[in-house]
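Structure at a glance
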Amino acid sequence: MDRIKLGGSELEASRIVLGCMRISELETGALARHIGTAIDCGINLFDHADIYGSGECERKFGRLLATEVNREDILIQSKCGIRQGATKDIQYYDLSKTHIIGSVDNILKRLETEYLDLLMLHRPDALMDPEEISEAFDQLHATGKVRHFGLSNFNATQFDFIQKYTDHKLITNQVQFGPAASHMINSGIQANTPFDGAADKDGGLLEQSRMNNVTLQAWSPFHYGYFEGIIMDDPKFDVLNAVLENIGRSHDVTKNAVVVAWILRHPANMQTIIGTTDTKRLQNIAQAAEIELTREEWYHIYKAAGNMVP
Ligand SMILES: NC(=O)c1ccc[n+]([C@@H]2O[C@H](COP(=O)([O-])OP(=O)(O)OC[C@H]3O[C@@H](n4cnc5c(N)ncnc54)[C@H](OP(=O)(O)O)[C@@H]3O)[C@@H](O)[C@H]2O)c1
């Protein structure tokens, strides 16, 4: 599988990344096989966040690192900044210096590792202060705990805002993107039309990332809406499923692989973060990296997902 240098840094990462948001569901043996298969498929980057499984995902991964996986052979990224309040209905954001630094210490403990290759701030915090964030980054880098920094779910202006205050190049922005969650490209395709889709919702995030050599990481590729469900075999997306099936047949890959190939085909050189816990599905999806969709196939999938091409 091809690798890219994340945001122009020395980190060479696979185009497909394994998301670890639900790995706490796997028992230890199955998890070891799953991660081993990912590595055999060429995946070398693993995506975590301190909140996944309330820390259990990092903890289980950490146990593998201690026994089955050579830390130096892989890259690990994690995220912080989402906090759970006293009761379940209170979730809030905290990008204060103290919280970022404390979170990384806890992440490293759970992962049983000395360093993160990449730390991302999970979501923008309305109360964030870029100077505090910059100080946290400096301290984490100086102590060798974090090699690089990135953001997640930030719009273009917010990204530039944080970048302006730190000397560390922000190398990634992790955002939702897929055929049925294509808000990042809709306004560009519908530019200069009176249609609703022409409204810019993220300040030109795609172009901003490309101009600044920031790697976009697409999360939840099979989702539609905001965690409403997945497109695979959903009757609401029967046209899309039929098109994916046909294109998949002609390339000899599954529908899931076609969706991922659709993201990888974009010249922004994005990565795709898949979250499957099914090892066979993981192997099938990895084949996406071996095919290249034509322009016509790409637009056909985009339209079949219900999007407009004026
Ligand atoms: N930065 C952020 O805010 C953010 C937000 C969400 C996620 N993420 C990252 O992105 C990763 C991927 O997220 P995700 O797991 O939501 O995305 P996903 O890869 O789109 O998978 C979503 C769900 O679809 C199921 N699925 C996929 N193909 C299927 C098929 N053909 N038939 C039936 N079920 C199918 C998967 O189940 P199986 O396990 O059975 O395959 C999984 O439950 C996460 O692990 C996390 O690392 C980041």
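What counts and what doesn't
Residues numbered from 1 in each chain as written. Predicted model: local features only at pLDDT ≥ 70, side-chain atom pairs only at ≥ 80, totals over all residues. Heavy atoms only, no water. UniProt positions renumbered as here; feature names shortened; annotations may be inferred. Helix = DSSP H or I, 4+ residues; strand = E, 2+ residues; numbered from the N terminus. Salt bridge = Lys/Arg side-chain N within 4 Å of Asp/Glu carboxyl O. Buried < 20%, exposed > 50% of the residue type's maximum accessible area, 1.4 Å probe, protein only. Near = heavy atom within 4 Å. Polar contact = N/O pair within 3.5 Å; in protein donor to acceptor, adjacent residues only side chain to side chain. Areas by Shrake-Rupley, 256 points an atom, 1.4 Å probe, with all protein chains shown as cover. Patch = residues over 30% accessible without salt bridge, like charges linked within 9 Å, V, L, I, M, F, W, Y side chains within 5 Å. Pairing = 2+ DSSP bridges. Axes fitted to C-alpha atoms, helices over the stretch in contact; angles between N-to-C directions. Contact = heavy atoms within 4.5 Å. Core = buried A, V, L, I, M, F, W, Y, C linked by side-chain atoms within 4.5 Å.

What follows concerns the UniProt feature "domain: NADP-dependent oxidoreductase" (unreviewed entry) in the chain. Here the UniProt feature "domain: NADP-dependent oxidoreductase" (unreviewed entry) sits at residues 15-302. Between the C-alpha atoms that bound residues 15-302 the distance is 21 Å, and the span itself is 41% helix and 18% strand.

We now examine the pattern of salt bridges. Scanning the model with the defined rule gives 16 salt bridges in all. Between Asp 94 and Arg 83 there is a salt bridge, with the nearest N and O atoms lying 2.8 Å from each other. Pair noted here: Asp 94 is in the loop between β7 (91-93) and α3 (97-111) and Arg 83 is in strand β6 (residues 82-84), with a separation of 11 residues, a long-range link. For the salt bridge of Lys 97 with Glu 135, the shortest nitrogen-to-oxygen distance reads 3.3 Å. Remark: Glu 135 occurs in helix α4 (residues 130-142) and Lys 97 occurs in helix α3; sequence separation between them is 38 residues. Take Glu 135: its relative accessible area is 41%, and that puts it in the partly exposed class. In the salt-bridge network here, residues are joined through shared partners; they are Glu 10, Arg 71, Asp 117 and Arg 147.

The ligand sits among 26 residues. The nearest are Arg 22, Asp 47, Asn 256, Thr 276 and Thr 277. The backbone of Gly 19 places a nitrogen or oxygen atom 3.5 Å from an oxygen atom of the ligand. Taking Thr 277, its side chain carries an N or O atom lying 2.7 Å from an oxygen atom of the ligand. For the ligand, whose accessible area on its own is 910 Å², the fraction buried by protein is 85%.

A grouping of Met 21, Tyr 226 and Phe 227 is seen on the molecular surface, where their side chains present a nonpolar patch of about 310 Å² in accessible area. Within the secondary structure layout, Met 21 lies in the loop between β3 (16-19) and α1 (28-40).

Here the focus is the sheet that holds strand β8 (residues 116-121). With respect to topology, 8 strands assemble into a closed barrel ordered β3-β4-β5-β8-β9-β10-β11-β14, the strand pairing being parallel. Direction aside, neighbouring strands of the sheet carry axes that sit 30° apart on average. Relative to strand β14 (residues 271-274), β3 is paired through 3 bridges, and the arrangement is parallel. Each residue of the ladder has a partner; that of Ile 16, found in β14, is Thr 272. Lying over the sheet, helix α9 (residues 255-264) contacts β3, β11 (215-219) and β14, oriented at roughly 150° with respect to β14.

Here we take up the nonpolar core. For soluble globular proteins, the rule of thumb is that nonpolar side chains tend to be buried together. The biggest cluster of nonpolar side chains holds 85 residues, and the ones touching the most others in it are Phe 46, Phe 61, Ile 100, Leu 119, Leu 121, Trp 262 and Ile 301. Here this core gets 8 residues from one element, more than from any other, and that element is α9. For Trp 262, the residues in contact, after removing those within four places along its chain, are Phe 177, Gly 178, Pro 179, Ile 185, Leu 293, Trp 298, Ile 301 and Tyr 302. Leu 6, Ala 13, Leu 75 and Leu 118 belong to the second-largest nonpolar core, a separate cluster that totals 11 residues.

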